[in-house]
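Summary of the model geometry
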Amino acid sequence: MRPLRALIVEDSEDDAMLLLHELQRAGYKVTHAVVDTPYALRAELTNNTWDIIYSDFSMPQFSAFDALALVHNVGIDIPFIIVSGTIGEDRAVTAMKAGAHDYILKGNLKRLIPATERELREALVRKDNRRADATIHRLAYVDDVTGLPNRARFQELIEAAVQEAKKESRCIALLLMDIDRFKEVNDTLGHDRGDVLLKQVGLRLSGVLTSPDIIARIGGDEFGILLSSLGAVDEIHAIIKKLQDFLAPSFMIDGVPISVEASIGIAIMPNHAEDPHMLLQMADIAMYRAKRMASNYAIYEPKYNRYSPAQLGLMAELREGINKNQLRLHYQPKLELATGRVVGLEALVRWEHPRLGLLYPDKFILTAEQTGLVNPLTRWVLLEALRYCCQQYEQGIELKMNVNLSARSLHDPQLVGMVADALETTAAKPEYLVLEVTESAIVLDPVRAEETLMALSKLGVGLSIDDFGTGYTSLASIKRLPINEIKIDRSFILNMLTDNKDAMIVRSVIELGHNLGLTVVAEGIETQEVLDYLNGLACNEVQGYHICKPITPDQLRTWYAAAPWSIGNTEEDKS
Ligand SMILES: [Mg+2]
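Remember, it's a predicted structure, so these values are computed and weren't measured experimentally.

When its secondary structure is counted, the protein shows 22 helices and 24 strands. Considered along the principal axes of its C-alpha atoms, the protein spans approximately 90 × 70 × 50 Å. By residue count, 37% of the 575 residues in the protein fall in the buried class. Across the protein, contacts joining residues at least 24 apart in sequence account for 66% of those joining residues at least 6 apart.

Taken as a whole, the protein is organised into domain 1 (2-140), domain 2 (151-304) and domain 3 (309-563). Computed over C-alpha atoms, the centres of domain 1 and domain 3 are 45 Å apart. Per-class residue counts for the side of domain 1 that touches domain 3 are five nonpolar, two polar and two charged.

What follows covers unusual backbone geometry. Note the cis peptide between Met 269 and Pro 270, where omega equals 10°. For Pro 270, the position within the fold is in the loop between strand 13 (262-269) and helix 10 (276-292). Of note, the phi angle at Asn 325 is positive, near 65°, even though the residue is not glycine. Mapping Asn 325 onto the fold places it in the loop between helix 11 (309-323) and strand 15 (327-336).

All right, on to the sheet that holds strand 8 (residues 171-179) then. On the basis of which strands lie adjacent, the open sheet formed by five strands has the order 9-10-8-13-14 and mixed pairing. Looking along the sheet, the strands with just one partner apiece sit at the ends: strand 9 (214-219) and strand 14 (297-299). For this sheet the average axis-to-axis angle between neighbouring strands, irrespective of direction, equals 20°. Relative to strand 10 (residues 222-230), strand 8 runs antiparallel, the two sharing seven bridges. Considered in strand 10, the bridge of Leu 175 is made with Ile 225. Packing of helix 8 (residues 191-208) onto the sheet brings it into contact with strand 8, strand 9 and strand 10, and relative to strand 9 it is tilted by some 155°.

Let's shift gears to the packing of helix 15 (residues 415-426) against helix 17 (residues 446-459). Where helix 15 contacts helix 17, the two axes come as close as 10 Å, and the packing angle between them is 15°. With respect to each other, helix 15 and helix 17 are oriented roughly parallel. Between helix 15 and helix 17 lies a crossing whose hand is right-handed. Packed against helix 15, whose contacting residues are Leu 415, Val 416, Val 419 and Ala 420, the element helix 17 presents Thr 452, Ala 455, Leu 456 and Leu 459 at the interface. Tallied by class, the residues present in the contact of helix 15 with helix 17 amount to seven nonpolar, one polar and no charged.

Moving on: the nonpolar core. The biggest cluster of nonpolar side chains holds 75 residues, and the ones touching the most others in it are Ala 385, Leu 386 and Met 401. If one sorts the elements of this core by residue count, helix 13 (residues 374-394) sits on top with eight residues. Among the nonpolar cores identified, the runner-up in size contains 45 residues, and Ile 218, Ile 240, Ala 286 and Tyr 297 belong to it.

Reading across from one edge, 2-1-3-6-7 is the order of the five strands in this open sheet, with parallel pairing throughout. Unpaired on one side and paired on the other, strand 2 (28-35) and strand 7 (102-105) mark the two borders of the sheet. Between one strand axis and the next, the sheet turns through 25° on average, direction left out of account. In terms of strand pairing, strand 1 (residues 2-9) meets strand 2 through eight bridges, oriented parallel.

For helix 20 (residues 500-515), spanning 16 residues, the distance from its first C-alpha to its last is 22 Å, which sits close to the expected 22 Å at 1.5 Å a residue. Within helix 20, burial applies to Ile 505, Val 506, Ser 508, Val 509, Ile 510, Leu 512 and Gly 513. After helix 20 finishes, the residue Gly 517 shows a positive phi value of roughly 75°.

Counting buried residues in strand 6 (residues 80-84) gives five out of five residues, a clear majority hidden from the surface. Across three bridges, the pairing between strand 3 (residues 52-55) and strand 6 is parallel. Across the sheet, the residue bridging to Tyr 54 is Ile 81, located in strand 6. Here strand 6 runs beside strand 7; their pairing, made up of four bridges, is parallel. Bridge pairing links Ile 81 to Asp 102 in strand 7. A crossover links strand 6 with its parallel partner strand 7, the connecting element being helix 4 (residues 89-97), and its sense is right-handed.

This next bit is on the packing of helix 7 (residues 182-189) against helix 8. Angle between the axes and distance between the axes: these two values describe a pair of packed helices. For the pair helix 7 and helix 8, the least separation of the axes is 6 Å and the interaxial angle reads 135°. In this view, helix 7 runs oblique relative to helix 8, as classed from their interaxial angle. Residues Phe 182, Val 185, Asn 186 and Leu 189 of helix 7 pack against His 191, Arg 193, Gly 194 and Leu 197 of helix 8. Of the residues that constitute the contact of helix 7 with helix 8, the class distribution is four nonpolar, three polar and one charged.

The residue Tyr 103 is located in strand 7 in this model. Taking the C-alpha atoms as reference, Tyr 103 lies 26 Å from Asn 47; in sequence the two are 56 residues apart. Apart from the residues lying within four places of it in its own chain, the contact partners of Tyr 103 are Ile 82, Ala 92, Ala 95 and Met 96.

Among the six residues in strand 9, five count as buried, and that is most of the element. Pairing of strand 9 with strand 10, which is carried by five bridges, proceeds in the antiparallel orientation. Within the sheet, the bridge partner assigned to Arg 217 lies in strand 10 and is Phe 223. Following strand 9, the chain reverses through two residues before pairing antiparallel with strand 10.

The rules behind each value
Residues numbered from 1 in each chain as written. Predicted model: local features only at pLDDT ≥ 70, side-chain atom pairs only at ≥ 80, totals over all residues. Helix = DSSP H or I, 4+ residues; strand = E, 2+ residues; numbered from the N terminus. Buried ≥ 20, exposed ≤ 12 C-beta atoms within 10 Å, placed from the backbone. Contact = placed C-beta atoms within 7 Å. Domains from an automatic or database assignment. Nonpolar A, V, L, I, M, F, W, Y, C, P; charged D, E, K, R; others polar. Pairing = 2+ DSSP bridges. Axes fitted to C-alpha atoms, helices over the stretch in contact; angles between N-to-C directions. Parallel < 35°, antiparallel > 145°, perpendicular 65-115°, else oblique. Left-handed = near helix turned anticlockwise from the far one by under 90°. Core = buried A, V, L, I, M, F, W, Y, C linked by C-beta atoms within 7 Å. Expected span 1.5 Å × (residues − 1). Right-handed = clockwise from strand over helix to strand, strands pointing away.

Written as structure tokens, this is what we have:
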């Protein structure tokens, strides 16, 4: 006998009995209550836990609509099935729209059991989704070590504060604080103690601030402070003095006294910037200025905002680099776990710089974005990757090609045209191509991102969310996007076997992805153990050094021949 807690909204005792009889006959051990007034329903909902509600359509003192509204009002998600005499199709539809899950005729209870079972199952799925959503939300918003808001949350808080301050013509100040020589603490005392120190620093800084000022940990040893009402700009000096006084006494970590100094960069709205993004950037520039000058703090000045000579040099060279064919693509294979088949490649760009040697994208993508070179770069990568992909298909090596898009190119109005052109020029089928965008790029401008992704999806190319879990993407927003794949960020995979929290996140992302019908890819697989574990979690695909690092087309050929996995759709079995 399966237990079932059924709440019955019904004025006829006979009808309630019939319903119960039907449930018992199907093998349910029913705990029930019958109510027929709003007051009684509310009392049952708030005092007891129920699995399902069956409601008559209209009663002398009550109706299914009122009952639905009340359930909604109490804020619980519970299957709600209307069991009634004929009410007409119109009213049935209206009831479903109001949130009823199903509608069953009293004269024909045959559908009662299947409907009940289905709705109980669906409710369970909804509950799991909510739990996964909450995990991802917490992960996305709170810094683990200090319990303070993290970078993503901090950015949102800055945005909100900027808008408020504009309305009231107030000044706000943004402080970025970097702990000097924190790396030495980590290296000599270990990461655990480094974390303890960060936690204590966070606590002390919190002690200086009063609501609504905000402190967040926004990076390794970087804290952000938002002062949301600054009376006069000069006040900032007093506040910084206070912060420094609080940090001055040594911290005791396992009996070892550690003194902490910090470099603080300050930007003020409206003096230095009018929008949140610029404000952060200005504070960042000021912080680096403070660090370079070995002064304790610096307030932003426009003259600090210059590119370093090295950066300026690279910018000039990148255009030439693209034209002179100095860019290369390396490819990293993606393995499908269920079949043990390599099913795709991710293209990763490198710059063979004549003087500096092989440069990785982190050295030049930012430069490209700042100098309008991101378009030529993206175009080059797309063409090269698709050409190679087609060439492989011709040889019977059927591997999809993943190409990364930078945040800037996702928001570039020319992107969709560029992708269409590249497909046409190379005669590649759209389904060969999967474009990867990061969560943070989507969050930057969700409305525009959604439009662009829709347009790309119409071209027939696959879409993937890269570095999933590191930014904040809500379940609701992914559901709306035409996404085919999510790639779990490697940071969760690396410690998954030793860190329960990471393991739980990975598990919930996989479940969440599968509930949404997405392919889930894990990156950063470095051992067979991790691969086996992910296989057990039914993760679809994996990528990482354990399978193969990113390599050149020449190296790939050799690798194909030696790999213990079959490659693409080829029939030959290599194991
Ligand atoms: Mg990627």
